[in-house]
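Chain by chain, the residues:
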Amino acid sequence: MRSATGAVPPVQSDAVVIDYKQLCNAGPSDSALHRQIRAAASNRGHLLIDNAFSASGADIALLQSMREFFELDDNDPRKQAIAVNDKPVKHGWMPLYGEPAYQPGTRARVESFDCGRPKRDAHDPLYSSVWPDLPGFHAASRAAWNELSTCGFAVLDAIASAFGLPAKFLSERCSSQDRSTMRMLHYPGQQQAAAANEVGIAAHTDFECITLLYQTAAGLELRDPRGKWHDAPSRNRQLTVLFGDLLENWTNGCVSASGHRVRITREPRYSFVLFFAVNDGVTVAPLAQFVDDDLPAKYAAVTQQQHSDQEISRAERNRDQS
């Protein structure tokens, strides 16, 4: 898939905004909602969801737990016990500058904590999450995971219907969440000018089907389908929906994956995201309704694991060679 590139200063995004209640109450024939989603995909490259957390407060509880965790000293045993650097694991705490480099020669000034889906039983072979010894952290993470999942599956159904697919086409193919990941991100503030090679996170597209992202302050920048960069809105408690590589593949580029990056800011900021990965056993390739003589298939068939492994390996090589 395309890498998001360029360093042109962004402008304020004029995004499509959908209210969570509208999304939940929508049916497969909601033409107004579908027009909004098609406009978001073709003109903006992302969409926004309002009021997803207004009732539960799960976001507020998670942000409190995140701040408590990230404020721990890096040598604190509660961080070190779940550190993933130099270990063959993907869930746990990644210290500052450990993030893979999605653009060569960049260093990401961010630390993160990653977890996967809830455990299904005592002998769940695909479960690999670890948790810090911090009261309330696990419960807050799972509450937010559940809220994001409910919202994300509704988004997937709306996208499918908007582009003429069966309503459950996407959500059924992302339902297991076996390879879905929730990331909690801390971007430390930096008062002095950043080094030329330092970024919050380098420009890239996400490897999955869609991503739901929450940020506490401005810093995320988004690329529209014409290649122009925009500041992502940072309205209170709003979710940004990013389109992923495999949605682009399925639609043969009718939906472009959302290029995005994070700049270094003077003040610290927090973000959490849930990536909606495609189920194991599903091969993604351009669907027949998006292919014709004028627009032949542009992407090879691939699985989620194949695509993610390839992209992560490339980014890790970039990081380790810089």
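Residue positions are counted from 1 within each chain, in the order its sequence is given. pLDDT decides what is reported in this predicted model: residues at 70 or higher carry local features, side-chain atom pairs at 80 or more are listed and counted, and totals for whole chains, interfaces and linings draw on all residues regardless. With hydrogens and water stripped out, all remaining heavy atoms of the structure feed into the side-chain values.

### Brief notes about the nonpolar core
The criterion is simple. A nonpolar core is a set of buried Ala, Val, Leu, Ile, Met, Phe, Trp, Tyr and Cys residues joined through side-chain atoms within 4.5 Å. Exposure is judged per residue with a 1.4 Å probe applied to protein chains only, and the accessible area is read against the type maximum: over 50% gives exposed, under 20% gives buried, and values in between give partly exposed. Among the nonpolar cores identified, the biggest contains 68 residues, and L23, I49, M182, M184 and F272 are the most heavily contacted of them. Secondary structure follows DSSP: runs of H or I at least 4 residues long count as helices, runs of E at least 2 residues long count as strands, and numbering of each begins at the N terminus. When residues of this core are assigned to their parent elements, the largest contribution, 13 residues, is made by helix α5 (residues 137-162). By definition, residues are in contact when any of their heavy atoms lie within 4.5 Å. What I49 contacts, discounting residues up to four positions off in sequence, is I18, Y20, L23, C151, V155, Q238, L239 and V241.

### Regarding the sheet that holds strand β4 (residues 92-94)
Strands are labelled as partners when DSSP assigns at least two bridges between them. Taken together, 8 strands build an open sheet; the order of strands is β2-β3-β13-β10-β15-β7-β6-β4 and the sheet is mixed. What marks the edges here is a single partner per strand, and that holds for β2 (16-19) and β4. In this sheet, adjacent strand axes meet at a mean angle of 25° when their direction is disregarded. Relative to strand β6 (residues 111-115), β4 runs antiparallel, the two being bridged by 3 bridges. In the strand pairing of β6, W93 is matched with F113. In this analysis, axes come from line fits to C-alpha atoms, helices being fitted only over the stretch in contact, and the angle between any two N-to-C directions falls in the range 0 to 180 degrees. On top of the sheet, helix α3 (residues 58-70) reaches β4, β6, β7 (181-187), β10 (210-215) and β15 (269-276); it is set at about 115° to β15, its chief contact.

### As for the environment of D74
Within the secondary structure layout, D74 lies in the loop between α3 and α4 (77-80). Linking D74 and W93, residues 19 residues apart in sequence, is a C-alpha distance of 9.9 Å. The contacts of D74, once residues within four sequence positions are left out, are K79, Q80, W93 and E111. Between N or O atoms, a polar contact is any pair within 3.5 Å; within protein, one atom must be a potential hydrogen donor and the other a potential acceptor, and residues adjacent in sequence are included only when both atoms are from side chains. Within the structure, the side chain of D74 is placed 3.2 Å from the side chain of K79, a separation counted as a polar contact.

### A word on the pattern of salt bridges
By convention in these notes, a salt bridge is any Lys or Arg side-chain nitrogen within 4 Å of a carboxyl oxygen on Asp or Glu. Counted according to the given criterion, the structure contains 19 salt bridges. Linking E198 and R107 is a salt bridge whose minimum nitrogen-to-oxygen distance equals 3.4 Å. Placement of the pair is E198 in strand β8 (residues 198-199) and R107 in strand β5 (residues 107-108), with a sequence separation of 91 residues. What makes R107 partly exposed here is its relative accessible area of 33%. Between R183 and D114 there is a salt bridge, with its nearest N and O atoms 2.9 Å apart. One end of the pair, R183, is in strand β7; the other, D114, is in strand β6, and 69 residues separate them in sequence. Of the residues examined, R183 reaches a relative accessible area of 11% and is grouped as buried.

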